[in-house]
Amino acid sequence: MKIGIITIHFGFNYGSALQAYALSKYINSTFDDIEAYVINYIPERYSKKNRYIKTAKEYRFLKRGMYLLAVAPFQMYVQYIFNKFLKSYVPMTRRVSNKEEAQEVSKDMEILIAGSDQIWNSDYNGGIDPIYYLEFAGTEKRKVSYAASCGKNDYDKKEWEIIDNFLKFFSYISLREEDSLNLFRSHGYIEAVQSLDPVFLINKNEWKKIERKPGKSLKKYVLIYCLDSDETELIRIARQIARERNLKIAMAAYCHIWNYYDVDMLYRNKSPNEFLWLVSHADYIVTNSFHGVAFSINLEKQFVAVKRKKYNCRLDSILKIMGLSDRYIGKGDKFYGTGDIDYNTVNLYKQDFLSISKEYLSNILCS
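The model shown is predicted, which means the values in this text are computed figures rather than measured ones. (Residues numbered from 1 in each chain as written. Predicted model: local features only at pLDDT ≥ 70, side-chain atom pairs only at ≥ 80, totals over all residues. Heavy atoms only, no water.)

## Things to note about the overall build of the protein chain
Here's step 1: Helices and strands together make up the secondary structure of the protein chain, namely twelve helices and 13 strands.
Here's step 2: Its C-alpha atoms give the protein chain a radius of gyration of 20 Å, within 12% of the compact-globule value 21 Å for 367 residues.
Here's step 3: In terms of overall dimensions, the protein chain has C-alpha extents of about 60 × 55 × 40 Å along its principal axes.
Here's step 4: Looking at the protein chain as a whole, 56% of its 367 residues are labelled buried.
Here's step 5: Within the protein chain, residue pairs in contact and separated by at least 24 positions form 74% of the contacts whose partners lie at least 6 positions apart. (Helix = DSSP H or I, 4+ residues; strand = E, 2+ residues; numbered from the N terminus. Rg over C-alpha atoms; globule rule 2.2 N^0.38 Å. Buried < 20%, exposed > 50% of the residue type's maximum accessible area, 1.4 Å probe, protein only. Contact = heavy atoms within 4.5 Å.)

So, in structure tokens, the structure goes:
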């Protein structure tokens, strides 16, 4: 039996690529006679034409030329790195960008899964994208979700009317965040459940099999992994931790050659495999990323999570599930250097929720 997974797997983001790998890997290695493929849906707004040419047109003539000569090549290089990982590790269909193409590649798939990451975040996706709600498949196929993320606490009335028209054809719904679960249940989807992000489906030893050392490395370090926020805040906290624990400071970042950060080692534009190595070998992690936190927990690392400007419900939820809300601080808050995490306790929380998540997957695939 073939099944298809729709998710956000492309772009310059370690979490997106690795969660797509995790869900397809777990399904293919766990369930006999099931072949899972990620439907390689990349919206037209992310095509090279729109990403580079149209973006360049937003600049005046001189800056437009500078962008195309200086910025675009770096973005293309990073995209190449991520595409190479996906092609090597994730079973995917050919690329599709619209409803008709999605219908064609999924015609022999019996079950379709709306996968994890922010597929149901209408802010992030520039509105409600029907393909992320499996609308292209009509009503003849089984539609389900696994750990879908809304990334926010509510939709406006018009948005919900559209969403509701898509969701009524789903056989099973699971959400990643508690806020999303409560939102769906408040709108009548009382049988919706909460599931762990796919990266938890792969254990620590399995993740280590695909990690790769990124060239030069520090022996003992605190790792900074930051998304679209003020890096100086995370560097400030990392410096405090480094002083207290006699560590160097490393940073994993998507950046251009001229970006400068006052750290001991800057890892620019590394592959997802190399990112895994950096997390796995860190002595401490400072991050504002959901998947930065998720991998810290799954690989049993000491860490602190820093609030972002928005979409913090994702961090709230995973830290609450794992009994780690004390690892969460706001921007400008003093970090008091909380003690080390006792993973004997955390792993009990994780295992309970993981069992529920795996049972849910068994139900949607084998019932």
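## Here's the deal with unusual backbone geometry
Here's step 1: Even without being glycine, Ala147 reaches a positive phi, approximately 50°.
Here's step 2: Looking at the element boundaries, Ala147 is found in the loop between strand 4 (142–145) and helix 5 (157–167).
Here's step 3: With a relative accessible area of 0%, Ala147 lands in the buried category.
Here's step 4: At Asn246, a position not held by glycine, the phi torsion is positive, near 55°.

## Quick look at the side chain of Asp129
Here's step 1: Summarising the element assignment, Asp129 is placed in the loop between strand 3 (111–114) and strand 4.
Here's step 2: Of the residues examined, Asp129 reaches a relative accessible area of 10% and is grouped as buried.
Here's step 3: There is a polar contact of 2.7 Å between the side chain of Asp129 and the side chain of Tyr41.
Here's step 4: The contacts of Asp129, once residues within four sequence positions are left out, are Tyr41, Pro43 and Arg45. (Polar contact = N/O pair within 3.5 Å; in protein donor to acceptor, adjacent residues only side chain to side chain.)

## Some words on the packing of aromatic side chains
Here's step 1: All chains considered together, the criterion is met by 25 aromatic pairs.
Here's step 2: With 5.4 Å between their ring centres and 70° between their planes, Tyr41 and Tyr132 make a pair best called edge-to-face. Of this pair, Tyr41 sits in the loop between strand 2 (35–38) and helix 2 (48–57) while Tyr132 sits in the loop between strand 3 and strand 4, and the two are 91 residues apart along the sequence. Comparing Tyr41 with Tyr132 shows no difference in burial state: the two are buried.
Here's step 3: One aromatic cluster in this structure is built from Tyr14, Tyr21, Phe82, Phe85, Tyr89, Trp207, Tyr225, Tyr254, Phe275 and Phe295.
Here's step 4: Sitting above the plane of the Phe290 ring, Arg176 keeps its charged end 3.9 Å from the centroid.
Here's step 5: Positioned above the aromatic ring of Tyr328 is the side chain of Lys307, whose terminal nitrogen or guanidinium carbon lies 5.3 Å from the ring centre. (Phe/Tyr/Trp six-rings, centres within 6.5 Å; stacked < 30°, edge-to-face > 60°. Lys NZ or Arg CZ within 6 Å of the ring centre and 35° of its normal.)

## Examining the packing of helix 10 (residues 290–298) against helix 11 (residues 313–321)
Here's step 1: Where helix 10 contacts helix 11, the two axes come as close as 9 Å, and the packing angle between them is 15°. Of the possible angle classes, the one that applies to helix 10 and helix 11 is roughly parallel. Our pair here, helix 10 against helix 11, has a crossing hand that is left-handed. Of the residues in helix 11, those in contact with Phe290, Val293 and Ile297 of helix 10 are Arg314, Leu315, Ile318 and Leu319.
Here's step 2: Looking at side-chain class alone, the contact of helix 10 with helix 11 contains six nonpolar, no polar and one charged residues. (Axes fitted to C-alpha atoms, helices over the stretch in contact; angles between N-to-C directions. Parallel < 35°, antiparallel > 145°, perpendicular 65-115°, else oblique. Left-handed = near helix turned anticlockwise from the far one by under 90°. Nonpolar A, V, L, I, M, F, W, Y, C, P; charged D, E, K, R; others polar.)

## Focus on helix 5
Here's step 1: Turning to helix 5, its buried residues are Glu159, Trp160, Ile163, Phe166 and Leu167. Burial along helix 5 is one-sided: seen end-on, the buried residues are contained in an arc of 120°. Within helix 5, the exposed residues directed more than 90 degrees away from the buried face are Lys157 and Lys158. (Arc of directions from axis to C-beta.)

## Describing the sheet that holds strand 5 (residues 170–172)
Here's step 1: Strand order across the open sheet formed by five strands is 2-1-3-4-5, with parallel pairing between neighbours. Edge strands, defined here as strands with exactly one partner in the open sheet, are strand 2 and strand 5. The mean inter-strand angle of the sheet, taken between neighbouring strand axes irrespective of direction, is 30°.
Here's step 2: One ladder, built from four bridges, connects strand 1 (residues 2–6) with strand 2; its direction is parallel. Residue Ile5 lies in a different strand from strand 2, and its bridge partner there is Val38. (Pairing = 2+ DSSP bridges.)

That is the geometry; function is a separate question.
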